[in-house]
Amino acid sequence: MTEPVLVAENLTQEYVLKGGLFGQDRVVRALTGASFTLEAGKTLAVVGESGCGKSTLARCITMIEEPVSGSFSLDGTLAAPGTHDALRTTVQIVFQDPYGSLNPRQRCGQILEEPLLINRPDLSPDERTRRAREMLDLVGLRPEHYDRYPHMFSGGQRQRIAVGRALMLEPKVLVLDEPVSALDLSIQSQILNLLVDLQERLGLAYLFISHDLSVVKHVADDVIVMYLGRPVEVGSKEEIFAHQRHPYTKALLSATPMADPTLRKERIKLTGELPSPVDIPPGCPFSPRCWKAQDKCRQERPELDATAHAAACHFPE
Ligand SMILES: Nc1ncnc2c1ncn2[C@@H]1O[C@H](COP(=O)(O)OP(=O)(O)OP(=O)(O)O)[C@@H](O)[C@H]1O
Ligand SMILES: [Mg+2]
């Protein structure tokens, strides 16, 4: 077995909202007890509804934020404030919005060279330029694109620049936070194919965040399903798509249009609103919306069972 490049244990993040009603602070439990491992060359997808903590996880792993508890290591080194600088080149992030994430005043070449300018003072300007030009080619852009500004590119091309910039420091882990959600359907598959191709060539590990299960089906090796900040089902893509153990995963999958007719399911309509992470229901957090819920579910929170295809449910399939 290869050594995992990313190991997360019980990652937990909270935000304090100051002075709510009656001046009381409220705690947003954005992420609770996320544990997983990721190996080189593999893709771990993180799925779940809006607000379930996907980007919070991304911000912790990329050291944009410090988690309130839990830990993770990158390429064998435990991430702690003292090691962050050294680890920052090991993990890089690509965001959803290729318009907002590129500086409109920088030319494509400068955008690609900037990470080197900041982190690799040992490299000469010529060497930086050489590497940026090489990257243009790697992400499927043309030499003449080096001098162009972001507004002169299409959305898909901009996302290629963002991926190229993330790869300039030769990271081992790429966190992709909804990398194709802002793109047209036809462009989505081009970018997904580019990511698959880069992964094969460079042995990259991807933490791939998406609310779109049809995209996940295309790229993932393993899947974590999150609900209200917690992993509720974890398994290989094949297992998760073939038979869901947690009722929430079943509902989520039934709501995704699938091209493959064997995967089409009768739609399960969830009743009730998604609760707020400020006020997470007692017992199983999914129990107020679950058609299988019993008294036990409303009282005791189920932990992920210790199986390869794990579910946090008292009555899993
Ligand atoms: N800085 C913050 N302060 C307070 N609450 C926050 C902060 N950042 C995120 N949250 C809250 O934490 C929860 C998780 O947010 P997060 O951005 O991780 O969700 P997400 O799964 O990425 O959602 P989406 O699919 O919409 O991107 C949400 O309820 C969000 O409002
Ligand atoms: Mg998000």
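As the structure is a prediction and not an experimental result, all values here were calculated from the model. Per chain, the residues get numbers from 1 upward, laid out in the order the sequence is written. Chains carry letters from A onward and ligands carry numbers from 1 onward, assigned in written order. For this predicted model, a pLDDT threshold of at least 70 governs which residues receive local features, and a threshold of 80 or more governs which side-chain atom pairs are given and counted, while totals over whole chains, interfaces and linings are taken from all residues. The side-chain numbers reported here are obtained from all heavy atoms of the structure, hydrogens and water having been left aside.

Visitor: Looking at this structure, I do not really get the sheet that holds strand E4 (residues 69-74). What am I missing?
Guide: With antiparallel pairing, the four strands of this open sheet are ordered in space as E2-E1-E4-E5. In this open sheet, the two edge strands, each paired with only one partner strand, are strand E2 (26-39) and strand E5 (77-78). Two elements, strand E1 (residues 4-17) and E2, share ten bridges in a ladder whose sense is antiparallel. Counted as the bridge partner of Gln-13 is Leu-31 from E2. Residue contacts are counted whenever heavy atoms from the two residues lie within 4.5 Å of one another. Interaxial angles span 0 to 180 degrees and are taken between N-to-C directions of axes, which are lines fitted to C-alpha atoms, for helices over the stretch in contact. Comment: elements are numbered from the N terminus, with helices defined as DSSP H or I runs of at least four residues and strands as E runs of at least two. Along the sheet, helix H1 (residues 54-61) makes contact with E1, E2 and E4, crossing E1 at roughly 115°. Only when DSSP finds a minimum of two bridges between them are two strands counted as paired.

Visitor: Sorry, what's going on with the pattern of salt bridges here?
Guide: A pair is scored as a salt bridge if a Lys or Arg side-chain nitrogen falls within 4 Å of a carboxyl oxygen belonging to Asp or Glu. Scanning all chains against the criterion turns up 17 salt bridges. As a salt-bridge pair, Arg-289 and Glu-49 come within 3.5 Å of each other at their nearest N and O atoms. One end of the pair, Arg-289, is in the loop between helix H9 (247-254) and helix H10 (295-299); the other, Glu-49, is in the loop between strand E3 (43-47) and H1, and 240 residues separate them in sequence. Three exposure classes are used, based on accessible area relative to the maximum for each residue type with a 1.4 Å probe and protein chains only: buried under 20%, partly exposed in between, and exposed over 50%. Taking the relative accessible area as the measure of exposure, Glu-49 reaches 23% and is therefore partly exposed. Because the salt bridges share partners, they merge into one network encompassing Glu-127, Arg-130, Arg-131, Glu-134 and Glu-170.

Visitor: Help me out: how do you make sense of the nonpolar core in this one?
Guide: In summary, soluble globular proteins display a tendency toward joint burial of nonpolar side chains. If you look at the biggest cluster of nonpolar residues, it comprises 36 residues, and the most contacted ones within it are Leu-112, Ile-161 and Leu-198. Elements supplying a minimum of two residues to this core: helix H3 (108-119), helix H4 (125-138), helix H5 (155-167), strand E7 (173-177), helix H6 (185-202), strand E8 (205-209) and helix H7 (213-219). In contact with Leu-198, other than residues within four places in its own chain, are Leu-138, Val-139, Val-163, Leu-167, Gly-203, Leu-204 and Tyr-206. Take the buried Ala, Val, Leu, Ile, Met, Phe, Trp, Tyr and Cys residues and link them wherever side-chain atoms come within 4.5 Å; each set so joined is a nonpolar core. Counting residues in each nonpolar core, the second largest holds 28 residues, with Leu-6, Leu-38, Ala-79 and Val-91 among its members.

Visitor: Sorry, what's going on with the environment of Gly-70 here?
Guide: With respect to the element layout, Gly-70 can be found in strand E4. Each C-alpha atom, one on Gly-70 and one on Ser-35, is 8.8 Å from the other, the two residues being 35 residues apart in sequence. Among all residues touching Gly-70, those that are not within four sequence positions of it are Glu-9, Asn-10 and Leu-11.

Visitor: How should the site of ligand 1 be read in this particular structure?
Guide: Taken together, 14 residues lie around ligand 1, and Ser-50, Gly-51, Lys-54, Ser-55 and Thr-56 are the ones closest in. Here a polar contact is recorded for every N or O atom pair within 3.5 Å, except that within protein the pair must consist of a potential hydrogen donor and a potential acceptor, and residues adjacent in sequence are included only if both atoms are side-chain atoms. Between ligand 1 and Ser-50, the relevant distance is 2.5 Å, taken from an oxygen atom to a side-chain nitrogen or oxygen of the residue. Between Arg-59 and ligand 1, the recorded distance is 3.4 Å, taken from a side-chain N or O atom to a nitrogen atom. Burial of ligand 1 by the protein chains amounts to 64% of its free accessible area of 640 Å². Contributing elements (two or more residues each) for the shell around ligand 1: E1, E2 and H1. Among the elements that make up the shell around ligand 1, the one with the highest residue count is H1 (four residues). Think of it as three bins: nonpolar holds Ala, Val, Leu, Ile, Met, Phe, Trp, Tyr, Cys and Pro, charged holds Asp, Glu, Lys and Arg, and polar takes everything else, Gly as well. When its residues are assigned to classes, the shell around ligand 1 shows six nonpolar, five polar and three charged. The near set for a molecule or strand comprises every residue that places at least one heavy atom within 4 Å of it. Areas reported here follow the Shrake-Rupley algorithm with a probe of radius 1.4 Å; residue values treat only the protein chains shown as occluding.

Visitor: Where do I start with H5 in this structure?
Guide: The α-helix winds at 3.6 residues per turn, so residues separated by three or four positions along the chain end up facing the same way. With 13 residues, H5 should reach 18 Å at 1.5 Å per residue; the first-to-last C-alpha distance of 19 Å fits that figure. With eleven of 13 residues buried, H5 lies mostly within the body of the structure. Its buried side turned inward, H5 meets strand E6 (91-94), H3, H4, E7 and H6. Any helix carries an expected span of 1.5 Å times its number of residues minus one.

Visitor: I keep staring at the pairing of E7 and nothing clicks. Help me out?
Guide: Each regular strand displays side chains that alternate between the two surfaces of the sheet. Here E7 lies mainly inside the structure; five of its five residues are buried. The alternating pattern of E7 places Val-173, Val-175 and Asp-177 and Leu-174 and Leu-176 on opposite faces, both of which are buried. Pairing of E6 with E7, which is carried by four bridges, proceeds in the parallel orientation. Counted as the bridge partner of Gln-92 is Leu-174 from E7. The sheet contact formed by E7 and E8 spans five bridges and is parallel. Opposite Asp-177, over in E8, you have Ile-209 as the bridge partner.

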